[in-house]
Amino acid sequence: MPGLQHRYATELAPLCIPWRAAPVPQPALVVFNDALAAELGWPAERLRGPEGAALLCGQGWPPEVRTVAQGYAGHQFGGYVPRLGDGRALLLGEVLDRHGRLRDVALKGSGRTPFARGGDGKAALGPMLREYLISEAMHALGVPTSRSLAVVATGETIWREVDGLPQRVPGAVLVRVAASHIRVGTFQWVAASGEVELLRRLADHTLQRHDPGPHEQPYVALLEGACERQAALVAQWMGLGFIHGVMNTDNMTLSGETIDYGPCAFMEAFDPQTVFSSIDHGGRYAWGNQPRMAQWNLARLAEALLPLLHPDEEAALALAQAAIERFGARYRHLWLAIMRAKLGWQAGEAPATDAVLDGADQALIDDWLHLLYAQAVDWTLAHRRLSDLAAALDTQPARASAAAAQPLAALFADVAALDAWLARWQARLQRNAHGSPTDWAHAMRCVNPIYIPRNQRVEEALRAASDEGDLAPFEALLAVVQQPFDERPGLERYAQPADPMTARHYRTFCGT
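Residues numbered from 1 in each chain as written. Predicted model: local features only at pLDDT ≥ 70, side-chain atom pairs only at ≥ 80, totals over all residues. Heavy atoms only, no water.

## Section: the overall build of the chain
Okay, step 1: Helices and strands together make up the secondary structure of the chain, namely 19 helices and twelve strands.
Okay, step 2: Rg of the C-alpha trace for the chain: 24 Å, near the compact-globule value of 24 Å for 512 residues, within the 12% margin.
Okay, step 3: The C-alpha extent of the chain, read off along each of the three principal axes, is 70 × 60 × 45 Å.
Okay, step 4: The buried share among the 512 residues of the chain stands at 56%.
Okay, step 5: Counting contacts in the chain only where the partners sit at least 6 residues apart, residues at least 24 apart contribute 73% of the total.
Okay, step 6: Surface summary for the chain: the accessible area is close to 20500 Å², and the carbon and sulfur share equals 56%.
Okay, step 7: Taken together, the 46 basic and 56 acidic charged side chains of the chain have centroids lying 2 Å from each other. (Helix = DSSP H or I, 4+ residues; strand = E, 2+ residues; numbered from the N terminus. Rg over C-alpha atoms; globule rule 2.2 N^0.38 Å. Buried < 20%, exposed > 50% of the residue type's maximum accessible area, 1.4 Å probe, protein only. Contact = heavy atoms within 4.5 Å. Areas by Shrake-Rupley, 256 points an atom, 1.4 Å probe, with all protein chains shown as cover. Lys, Arg positive; Asp, Glu negative; His and termini not counted. Charge placed at Lys NZ, Arg CZ, Asp CG, Glu CD.)

## Quick look at the pattern of salt bridges
Okay, step 1: Applying the stated rule across the entire model yields 31 salt bridges.
Okay, step 2: Note that Arg130 and Glu459 form a salt bridge whose closest N and O atoms lie 3.2 Å from each other. Separated by 329 residues along the polypeptide, Arg130 in helix 5 (residues 125-140) and Glu459 in helix 16 (residues 455-468) bring together distant segments of the chain. Here the two residues Arg130 and Glu459 agree in accessibility, since each one is buried.
Okay, step 3: Several salt bridges share partner residues, and in doing so they unite Glu39, Asp97, Arg101, Arg103, Glu136 and Arg147 into one network. (Salt bridge = Lys/Arg side-chain N within 4 Å of Asp/Glu carboxyl O.)

## Focus: the nonpolar core
Okay, step 1: Membership of the largest hydrophobic core comes to 131 residues, with the highest contact counts inside it found for Val151, Phe187, Leu223, Trp368, Leu386 and Trp425.
Okay, step 2: Counting residues per element, this core draws most heavily on helix 8 (residues 218-240), which supplies 13 residues.
Okay, step 3: Here Leu386 is in contact with Leu343, Trp368, Leu408, Trp421, Leu422, Trp425 and Met444, once residues within four sequence places are set aside.
Okay, step 4: Among the nonpolar cores identified, the runner-up in size contains 25 residues, and Ala53, Cys57, Val105 and Ala150 belong to it. (Core = buried A, V, L, I, M, F, W, Y, C linked by side-chain atoms within 4.5 Å.)

## Observations regarding the packing of helix 12 (residues 379-392) against helix 14 (residues 415-429)
To characterise two packed helices, one gives the angle between the axes of the helices and the distance between these axes.
Okay, step 1: The interhelical angle for the contact between helix 12 and helix 14, taken along N-to-C directions, is 60°, at an axis separation of 12 Å. In terms of orientation, helix 12 lies oblique with respect to helix 14. Remark: the crossing between helix 12 and helix 14 carries right-handed chirality. On the side of helix 12, the interface is formed by Leu386, Leu389 and Ala390, while helix 14 contributes Trp421, Leu422 and Trp425.
Okay, step 2: Here the residues of the contact of helix 12 with helix 14 are counted per class, giving six nonpolar, no polar and no charged. (Axes fitted to C-alpha atoms, helices over the stretch in contact; angles between N-to-C directions. Parallel < 35°, antiparallel > 145°, perpendicular 65-115°, else oblique. Left-handed = near helix turned anticlockwise from the far one by under 90°. Nonpolar A, V, L, I, M, F, W, Y, C, P; charged D, E, K, R; others polar.)

## Section: the side chain of Asp250
Okay, step 1: The residue Asp250 is located in the loop between strand 11 (242-243) and strand 12 (265-266) in this model.
Okay, step 2: The side chain of Asp250 sits in the buried core without any salt bridge; Arg183 is the nearest counter-charge, 5.2 Å away.
Okay, step 3: When sequence neighbours within four positions are dropped, the list of residues in contact with Asp250 reads Tyr72, Ala73, Gly74, His75, Gln76, Leu84, Arg183, Gly185 and Asp260.

## Notes on the environment of Met339
Okay, step 1: With respect to the element layout, Met339 can be found in helix 10 (residues 313-343).
Okay, step 2: Residue classification places Met339 among the buried positions, given a relative accessible area of 0%.
Okay, step 3: Apart from residues lying up to four places away in sequence, Met339 is in contact with Ile365, Trp368, Leu369, Trp379 and His383.

## Quick look at the packing of helix 12 against helix 13 (residues 402-409)
Okay, step 1: Two elements in contact, helix 12 and helix 13, have axes whose closest approach is 8 Å; the angle formed by their N-to-C orientations is 170°. Taken together, helix 12 and helix 13 sit at an angle that is classed as roughly antiparallel. Across the interface between the two elements, Ala382, Arg385, Leu386, Leu389 and Ala392 of helix 12 pack against Ala404, Ala405, Pro407 and Leu408 of helix 13.

## As for the pairing of strand 9 (residues 147-162)
Okay, step 1: Pairing of strand 2 (residues 28-32) with strand 9 involves four bridges; the strand directions are antiparallel. Paired with Val31 across the bridge in strand 9 is Val151.
Okay, step 2: Across twelve bridges, the pairing between strand 9 and strand 10 (residues 165-178) is antiparallel. Residue pairing across strands places Thr157 opposite Pro170, the latter belonging to strand 10. (Pairing = 2+ DSSP bridges.)

## Details of the side chain of Thr258
Okay, step 1: Its location among the elements puts Thr258 in the loop between strand 11 and strand 12.
Okay, step 2: At 3.0 Å, the side chain of Thr258 forms a polar contact with the side chain of Trp237.
Okay, step 3: Ignoring any residue separated from it by four or fewer positions in sequence, one finds Thr258 in contact with Met138, Val143, Pro144, Thr145, Ser146, Leu233, Trp237, Phe242 and His244. (Polar contact = N/O pair within 3.5 Å; in protein donor to acceptor, adjacent residues only side chain to side chain.)

## Details of unusual backbone geometry
Okay, step 1: Of note, the bond from Gly213 into Pro214 is cis; its omega dihedral lies within 30 degrees of zero at 15°.
Okay, step 2: The residue Pro214 is located in the loop between helix 7 (196-210) and helix 8 in this model.
Okay, step 3: In this structure, Phe77 is a non-glycine residue whose phi angle is positive, near 50°.
Okay, step 4: In this structure Phe77 comes out as partly exposed when scored by relative accessible area, which is 28%.
Okay, step 5: Of note in this structure, Ala376 is not a glycine but carries a positive phi near 50°.

## Concerning the confidence of the model for the chain
Okay, step 1: Across the chain, pLDDT averages 93, with 94% of residues at or above 70.
Okay, step 2: In this model, residues 501-510 is a region of pLDDT below 50 whose contacts with residues beyond four sequence positions or in other chains number 23 contacts. (pLDDT = per-residue confidence, 0-100.)

As structure tokens, this is what we get:
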């Protein structure tokens, strides 16, 4: 493919193992991202043919294409694993895209590598389609994320557990595009080796990719940049009700992109303790714990970077601690900004009044969250219907009528409690310095989606594709979530949450 480079494999050869994808019997394209191919400058017409399907499975690349499996360590659910790495993935290389950004292109499900830990190195069609769907939905929602170029069926069947029973399912390979695959766990792996110069090479490579500088203290800047990007990313997750599910350090990138979509989902009934991973028994990665877990992961990054931060150990610790502590304040600032946008409020314009307004707004936000939690209200619909209510204030400025409020009120069992909060919300709206209710409603609808990849719809689409070879439900759902903010007639079922019993079933999904 045009412009394929091998900077990581060349500059950081000790951190990867040259490896080739396993042969597959009958590669066939299942879904392909033409827009992303155009960004990369890769010819969609060639990749859509039989030769392209083989290439996208890792077959037929010339010898100069240096595919490698990347090594890393990681804390998984709090326990340190000294050697993880790409057990079923390969980095094809990097491409300078049409916007001048260097992007990794990698395969997932391309066969066992020396980092494999007992698995077969393969991937099932359903989970690969899931990653394609969710990552493209996140991109449409404006969240930094790895992207999916293609899913290719391999023509083989593999054993996987389905509904608690072993079953043969179609195999597939996902082609993932990311700003990089450098993880917190990559730094942990090198730091554990004690090779400070190799750690410096990794840090310099990462700075060149994500924080080119110049910087007075480059390695402090590397840590601070990672903290800033993760604070912004997790604040966006939280605003959308997104739960990653496995925030292990090997699943956190230095680029600040969402990566490794496994047992992830969007929360329906609001509950800060919601989890979607069947193995997260303690709720470590619940929705409400994600900011704390991100900070914990970043503290592990800071530990790995200590030898580079300062020659004096105490000074290095002080620099690391300061950066990690700033993450908390930065996250809280970004979370407040996101919630203000979701509720239609503008921030104060004078620093002297900002602190007072911040405190008052935070209290009103906390009361809103308590209201949603107490009545198990759907997170996405509550904010979208609140956006619709804001539009009605233009014609009824004194107080939105009961008819205008009805779609929102229908989500609540205790409407009186909602009405009391709405009176305070409207009073706060009137303090906005600019615009009209119509303007505020428009701004709210641009951050409060009507369509998300709801679990029951995702599972229906994946089962149809995997069990019956029917891609129509997947393609229909993909088209919907790629335009998440535009409410359209005939798509009402995509906006509706599952009934409680069904939702309970889908929470336990965890596939490979």
